[in-house]
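A structural walkthrough
Below are the chains, spelled out letter by letter.
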Amino acid sequence: MSLDFPKIEEKILRFWQEKKIFEKLRKKNQGKEHWSFLDGPITANNPMGVHHAWGRTYKDIFQRYKAMQGRELRFQNGFDCQGLHVEVEVEKELGFKNKKDIEKYGIDKFVEKCKERVKKYSKIQTEQSIRLGQWMDWDNSYYTMSDENNYAIWGFLKKCRQRGLLYKGRDVVPWCPRCGTAISQHEILTEEYKEITHKAIFVKLPVINKKNTFFLVWTTTPWTLPANVALAVHPELIYAEVQDKNRDIFIILKEKANLIAEGKILKEFPGKELKGLVYQGMFDELQKTEHRVILWKDVTSEEGTGIVHIASGCGQEDFKLSKEFNLSVIDPTNEESRYKKGFGFLTGKLVSQVNDLIFDNLAKKNLVFKIEDYKHRYPTCWRCKTELIFRLVDEWYISMEKLRKPLIVVAKKIEWIPSFGLERELDWLKNMQDWLISKKRYWGLALPIYECSCGNFEVIGSKEELKEKTVKGWDKFNDNSPHRPWIDEIKIKCSKCGKLVSRIPDVGNPWLDAGIVPFSTMTKEWFPADLVCESFPGQFKNWFYSIIVMSMVLENVAPVKTIFGYASVRDEKGEEMHKSKGNAIWFDDAVEKIGADPMRWMYARQNPEYNLNFGYKAADEIKRKLLTLWNSFAFFITYVDKKDYPSQVLKPKPKDILDIWIVSRLNNLIEKVTRNLERYNVSVATLAIEKFFINDLSLWYVRRSRRRFHAGAKDREEAIATLYYVLLNLSKLIAPFTPFIAEELYQCLGGEKESVHLEEYPEPNKKLINKELEEKMIKIRGITTEVLAQRAKAGIKVRQPLASLQIKNKLEKDLLEPIKEEANVKKIVFGKELKLNTKITKGLKEEGVVREVIRHIQEMRKKAGLKPKDKILVQGYGIKRLNKILTQKKDFIKKETLAEDFKIGKAKTKFGLEKELKVDGEKLKIGINKL
Ligand SMILES: [Zn+2]
Ligand SMILES: [Zn+2]
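Residues numbered from 1 in each chain as written. Chains lettered and ligands numbered in written order. Predicted model: local features only at pLDDT ≥ 70, side-chain atom pairs only at ≥ 80, totals over all residues. Heavy atoms only, no water.

For the record, the criterion: UniProt positions are given in the numbering used here, feature names are shortened, and annotations may be inferred rather than shown by experiment.
By the naming in an unreviewed UniProt entry, the protein is Isoleucine--tRNA ligase. Per UniProt, the protein carries the Catalytic activity (unreviewed entry) text "tRNA(Ile) + L-isoleucine + ATP = L-isoleucyl-tRNA(Ile) + AMP + diphosphate".

In structure tokens, the structure reads:
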């Protein structure tokens, strides 16, 4: 029987839809004990990829499992809608290059385009998820752009204001010149650092009042040199004055003295002796300021000269030092990263394009020591990949100092799976800076901050409050969503001075949008959630972080009990998938080529701590595994008519040793699977099921029991009852993992509910577990493996019967049967060691021949497409010796092959299927006809 996954899946999808199975499941569990899952919103900005399907598989497994256990669930999916990622894609669509293009086009039209894009892709992602088999209440998905969500964040921000956590800060921050906005520390993940080669310059800075003496300074950002205000040296490290052959003296870290060719060390001293020395600035004609040496313990000897160029308006550390040492601050760039007025030949130029101008200028002043290429890891914009710069700006922040400790306490109360999740979260919480929440963009949460020129600022906490405080512009805003540009029409009165104030133009960090969802989407009775399940790279700084912070501020508790994280999807070779690299696999292609169930199985069996290498070869391997399960099932429906299926309320009371064993194994499996699913150990549960249906069911139980299913076999009924019980339970057990095959199996077996997904999840029956027998079976299988190895060594085919086998273990009689059959021996005796009697007598030889012939006839039956009950006519013809054997064993062969007659001798007519075989080294012709 072939297995076309996508075809079966389409059929089952139609069945679920027509019969409203999901709706029936929800109805069935209504009012029962809750299980609360909180969905992390997927960015509705592109079709979903195979990496999304990994997480969605987990979510679906957990939810289906809990629903089968009779718990009531919300089944709410979420879409992340607002933010730079959507803006950048819309900009691409419209062919825009920068913010000016957007403003020319109109913010209102641009924002509408962003909304449209979100609607389009949330619809596509919904269809894709349904195709994956994910069950959600799709008509009730939440959207972070919704009014409820935005106003809920207003409430949060107001609370931050009341608690004194919200402030406007002037700081140097990472800035994307193209996007024209600050990039929060949270958004710069390790993958945003790229290997980039920059020009590095060594500059000579003349020390004032010391003839021919220079500080030697190194930098990889020459554009920041016009903003230089100080040099930093380490107080304890040893510096030196090094004289070159031109009698110029350079001050430099002693261990870097070899930078000076043929240099001679004149003097050594600790850095602190340099404190307060003043030097001549490089661009004093542009920005006049004092330049002096300061002491700083973070100076290292790793790169450069040990003398660090400090540009207070262009670096985060530099800015901090400017406050500590009361240095002047030179702020050279505008939003587009062009030099502001007052920078002479540089004014209006992009900082990314001024290297040569600066080098020429410094060369004319004779200040260049050396220029070289320097390769290093440098941060880029997570959205548009432009190299970031550091810029001094006013932005809005949530202070973390007061929250840090309680956040750590809350993070520890959450159960993290894998357990290293806690360490990663704590590492972030301990080191994070204040949360930069503003962005100078268009499509996003409108920060409800109204700042007055008198210094006062107000934060509005709800739509009602806004309406109440509005003095002007409500009519223009009224029916619109709380987004730019409509919200910006509103003016309120400053509560301190009475002036009319507008909203600051900034929008919010998108992690505010996603962080509020425990409150904007769940009512009290569902809070806190039992489970959150997301891919962990990035989330410790982002979603996990933002839900914890917002929940802490609002309720002072953790928003979730357990956070389950998983790694990333890579290509088959373990490399990152990229559109540009050509190794990306689209979900739509994958699901139609592989099928949803094999994909789900691949995801489910993966250890979530490690990256998953996804590809078609790996998928074929998975399909082969699932085919083993399918084949056991196909065997059953081939040999058993529907009318012979046992009654549905099956209480197995097996007597046969193999039946007792497989029933025991199954109950053991159920116990293991449920125990692991309770702990969210999906991969352990999946692999246990896989091992069961390959090793126990297919390779042992079904193989050893084939004969018992033949018509007229004496315990056929019991064999049928047992296998039916196993398969039916298996269909329920795999239902959360592979919902399509599970349904197909269940329907074919005639399960009593309308769908397997309306069944209860199996519970183990401990009384049916027989540990002792399972252990003995392991021994038996060990013995047969050993015997097969001895046969192979002696060059004796398995089909050749042998007289006896000696084994060490004393075993009960019914346990000897399987060994006898597997080892194909007549008799078993007990002795000191495992020993196979390899002597082949004439009688045994003849029996071997007969077995060989039977096997060939069976294969021919199969090839001719005959059903087990179809009768055949056989004709055989070979050398005299073979003919004689066949004649003697004619009746036995007839019985075994369901042949009506077996004629020996040359055939007069042509047979439906003819074959020339080699049996015991001689030619033998066999023909069969269906009767
Ligand atoms: Zn950017
Ligand atoms: Zn005021």
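Describing the overall build of the protein
Put simply, the rule reads: Here a strand is any run of E in DSSP of at least two residues, a helix any run of H or I of at least four, and the numbering for each starts at the N terminus. Restricting the calculation to C-alpha atoms gives the radius of gyration, and the globule rule supplies 2.2 Å times the number of residues raised to the power 0.38. Each residue is assigned to one of three classes by its accessible area relative to the maximum for its type, calculated with a 1.4 Å probe on protein chains only: buried under 20%, partly exposed between the two thresholds, exposed over 50%. It only takes one pair of heavy atoms within 4.5 Å for two residues to be counted as in contact. Methods summary: accessible areas were calculated by the Shrake-Rupley approach with a probe of 1.4 Å, and residue burial reflects only the protein chains presented.
A tally of regular secondary structure across the protein gives 28 helices and 36 strands. For the protein, whose C-alpha radius of gyration is 38 Å, the value lies well above the compact-globule estimate of 30 Å for 931 residues. Its C-alpha atoms give the protein principal-axis dimensions of roughly 120 × 75 × 50 Å. By the burial criterion, 56% of the 931 residues in the protein qualify as buried. For the protein, restricting intrachain contacts to residue pairs at least 6 apart in sequence, the fraction spanning at least 24 positions comes to 76%. Summed over its atoms, the accessible surface of the protein is roughly 41,900 Å², and 49% of this surface lies on carbon and sulfur atoms.

A short note on the side chain of Glu 846
Relative to the helices and strands, Glu 846 resides in helix H26 (residues 842-863). Overall, the relative accessible area of 17% leaves Glu 846 in the buried class. Excluding residues within four positions of it along the chain, Glu 846 makes contact with Ile 885 and Gln 888.

Quick notes on the domain arrangement of the protein
Note the threshold: Throughout, the edges of the domains are those of an automatic or database domain assignment.
The domain boundaries assigned to the protein delineate domain 1 (5-138 + 519-535 + 554-584), domain 2 (186-236 + 274-390), domain 3 (612-749), domain 4 (775-840) and domain 5 (845-930). Averaged C-alpha coordinates put domain 2 and domain 4 at centres separated by 81 Å.

With respect to the environment of Ser 698
By the secondary structure assignment, Ser 698 is in helix H21 (residues 682-705). Taking relative accessible area as the criterion, Ser 698 reaches 17% and is therefore assigned buried. Put simply, Ser 698 and Met 136 are 562 residues apart on the chain and 34 Å apart in space, counted from C-alpha to C-alpha. Residues within four places of Ser 698 in sequence aside, it is in contact with Thr 628, Ser 632, Phe 693 and Arg 703.

Notes on the coordination of the zinc ion (ligand 2)
Operational definition: Sodium, potassium and calcium take a 3.2 Å donor cutoff, other metals 2.8 Å, and in both cases only N, O and S atoms count; water is not among them, so sites may look incomplete. Any site counts as irregular unless it has four donors with all angles between 85 and 135 degrees, making it tetrahedral, or four or six donors with opposite ones more than 155 degrees apart and the rest between 65 and 115, making it square planar or octahedral.
Here the zinc ion (ligand 2) is held by Cys 452 (SG), Cys 454 (SG), Cys 494 (SG) and Cys 497 (SG), and the distances to it run 2.2 to 2.3 Å. Coordination at the zinc ion (ligand 2) is tetrahedral, judged from the four donor atoms that bind it and the angles of 102 to 117° they form at the metal. Every donor residue of the zinc ion (ligand 2) comes from the same chain, spaced as C-x1-C-x39-C-x2-C. Residue Cys 452 is located in the loop between strand E20 (449-451) and strand E21 (457-459), and its partner Cys 497 is located in the loop between strand E23 (491-493) and strand E24 (500-501); the two are separated by 45 residues in the primary sequence. Given a relative accessible area of 6%, Cys 452 falls into the buried group.

Examining the coordination of the zinc ion (ligand 1)
Each donor-metal-donor angle would ideally measure 109.5 degrees in four-coordinate tetrahedral geometry, or 90 or 180 degrees in six-coordinate octahedral geometry. Protein coordination of the zinc ion (ligand 1) is provided by Cys 176 (SG), Cys 179 (SG), Cys 381 (SG) and Cys 384 (SG), with donor distances spanning 2.3 to 2.4 Å. Seen from the zinc ion (ligand 1), its four donor atoms lie at angles of 103 to 118°, and the figure they make is tetrahedral. Along the chain, the residues donating to the zinc ion (ligand 1) are arranged with the sequence spacing C-x2-C-x201-C-x2-C. Of the two residues, Cys 176 sits in strand E5 (residues 166-176) while Cys 384 sits in the loop between strand E15 (368-379) and strand E16 (389-398), which places them 208 residues apart along the sequence. In this pair, the class of Cys 176 matches that of Cys 384, namely buried.

Quick look at the pairing of strand E30 (residues 802-807)
Operational definition: One requirement defines pairing of two strands: DSSP has to find at least two bridges between them. When the strands point away from the viewer and the connection leading from the first strand across the helix to the second strand turns clockwise, the crossover is called right-handed.
One ladder, built from five bridges, connects E30 with strand E31 (residues 825-830); its direction is parallel. Bridge pairing in E31 places Gln 806 opposite Val 829. What joins E30 to E31 is helix H25 (residues 813-823), and the crossover it makes is right-handed. One ladder, built from two bridges, connects E30 with strand E32 (residues 835-836); its direction is antiparallel. Within E32, the residue paired with Gln 806 across the bridge is Lys 835.

Overview of the packing of aromatic side chains
What counts here: Pairs were defined over the aromatic rings of Phe, Tyr and Trp, the Trp ring being its six-membered one, requiring ring centres within 6.5 Å. Orientation was assigned from the angle between planes: stacked under 30 degrees, edge-to-face over 60, tilted for the rest. When the NZ atom of lysine or the CZ atom of arginine is within 6 Å of a ring's centre and also within 35 degrees of its normal, the charge is said to sit over that ring.
For the structure shown, the criterion picks out 45 aromatic pairs. Between Trp 35 and Phe 37, the ring centres sit 6.3 Å apart and the planes meet at 15°, which makes this aromatic pair stacked. Phe 37 gets classed as buried once you look at its relative accessible area, which sits at 3%. Seen in terms of ring centroids, Phe 540 and Phe 544 are 5.5 Å apart; in terms of plane orientation they differ by 70°. Their pairing is edge-to-face. For Phe 544, a relative accessible area of 1% translates into the label buried. An aromatic cluster of three or more residues is present, and its members are Trp 54, Tyr 58, Phe 62, Phe 564, Tyr 566 and Tyr 680. The side chain of Arg 391 reaches across the aromatic face of Trp 175, ending 4.5 Å from its centre.

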